[in-house]
Amino acid sequence: MWERPKGNYPVAIQGIQRSGTNFLTALLDQGSYRILNRLDPKRHDPRHKHCRWQADKSTIVMDDQYRNTLSASSVREINTLCGYAPETKHIILFRAPEPWLNSIFRWGLEAEWYPSEDAFFEQQLHVAYWREWDAFYAFWQDRQRQEPDQVLIVSHKKMIENPQDGLKRIDAFMGVVRAPHETAFTPIEKVRHSRPIGEKREPLDRAELTDVLDMPTQFDWQSYMQGNEQA
C-alpha cells in the first residue's frame, strides 16, 4: 500500500546506485524533510531516485529496467513529468569515481551480476559503469549550473564526514530556518542495504581501474569535492 511521504519540507533526491541515497534519506528524516520520491516506483519511472535523465540512453548499461525515453531541459519540466510542484528542489548525491566503482563492484558481485572480479574487468564493466556514472551526473551538473536555486549537488564523503554541516548546507539551500531546539542530531551508524558506515572494506587493486580513473569526465566532480561550487 502506498504511503504518503511524511515531513514538513518537500524535496526530491537523486543519485545513481551506491551513491549513498539511503544515508541522505536518513539524514533528511532527521531534518523533517518530506522526500517526494522516497519509495521507488518502476525503474524507468521519472520519480525513481536513480532515474537516468541523460540524453544518451546508450550509456544505460547497468540495468535495462532503467532505460527510458525521458528528456528534460529544465527542472520545471522534470517536476511536471514527476507530478511535483513546479518549485520542487532536487538534492543530488554523488560518490567520487574510485569509491563508487569499488562499491558498485561489490554490490554487483553480491547480486550476481557477474561471477567474479576477473569477469568484471574482462567484460569491461568497470568502463561501462564509469561512463554511466559520468552521464548520470553530467546531466544534473548542467541543471545545477543553469538553475542553481533548484539543484544542489553534494558529496557523499562530505556528508559522511560531517552530517550536521551537510544538513545545515541543505537547510540553507532549501531556505529552512530552525529554532535551537530543532538542531539536535543523532549519529547515523548504518542504513539499509549497506554495512556499518565505519566499516573498512578492501579496495580493488587493478591496473585497469587506475586506467579508467585517469580518463577525463564530463562531470566536474572535483569542484564539488573542493567546494568551488555548490558542494
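Reference entry: report on the structure contained in this document. Residue positions are counted from 1 within each chain, in the order its sequence is given. Only residues with pLDDT of at least 70 get local features here, since the model is predicted, and only at 80 or more are side-chain atom pairs given and counted; chain-wide, interface and lining totals rely on the full set of residues. Where side-chain values are given, they derive from all heavy atoms of the structure, hydrogens and water being excluded.

Runs of H or I in DSSP of at least four residues are treated as helices and runs of E of at least two as strands, each being numbered from the N terminus. Expected span, for any helix, means 1.5 Å times one less than how many residues it has. When the terminal C-alpha atoms of helix H3 (residues 97–110) are compared, their 20 Å separation across 14 residues agrees well with the 20 Å that a helix rising 1.5 Å per residue should span. Along H3, the residues that are buried comprise Pro-97, Trp-100, Leu-101, Asn-102, Ser-103, Ile-104, Phe-105 and Gly-108. In this structure, the buried residues of H3 make contact with helix H4 (117–122), helix H5 (125–146), helix H8 (207–213) and helix H9 (221–226). Immediately beyond the C-terminal end of H3, within one or two residues, lies Glu-112, with a positive phi of roughly 65 degrees. Remark: exposure states derive from per-residue accessible area (1.4 Å probe, protein chains only) relative to the maximum for the residue type, with buried under 20%, exposed over 50%, and partly exposed in between. We call two residues contacting when some pair of their heavy atoms lies within 4.5 Å.

Any two strands with at least two DSSP-identified bridges between them are counted as paired. Strands sit in the order S2-S1-S3-S4 across an open sheet of 4 strands; the sheet is parallel. The open sheet is flanked by strand S2 (33–35) and strand S4 (151–155), the only strands paired with a single partner. Looking at each pair of strands side by side, their axes are set apart by 35 degrees on average, direction ignored. When strand S3 (residues 90–94) meets S4, the two strands line up parallel, connected through 5 bridges. Bridge pairing links Phe-94 to Ser-155 in S4. The strands touched by H5 within the sheet are strand S1 (9–14), S3 and S4, with S4 carrying the most contacts at an inclination of about 130 degrees. Between the N-to-C directions of two axes lies an angle of 0 to 180 degrees, each axis being a line fitted to C-alpha atoms and, for a helix, fitted only over the stretch in contact.

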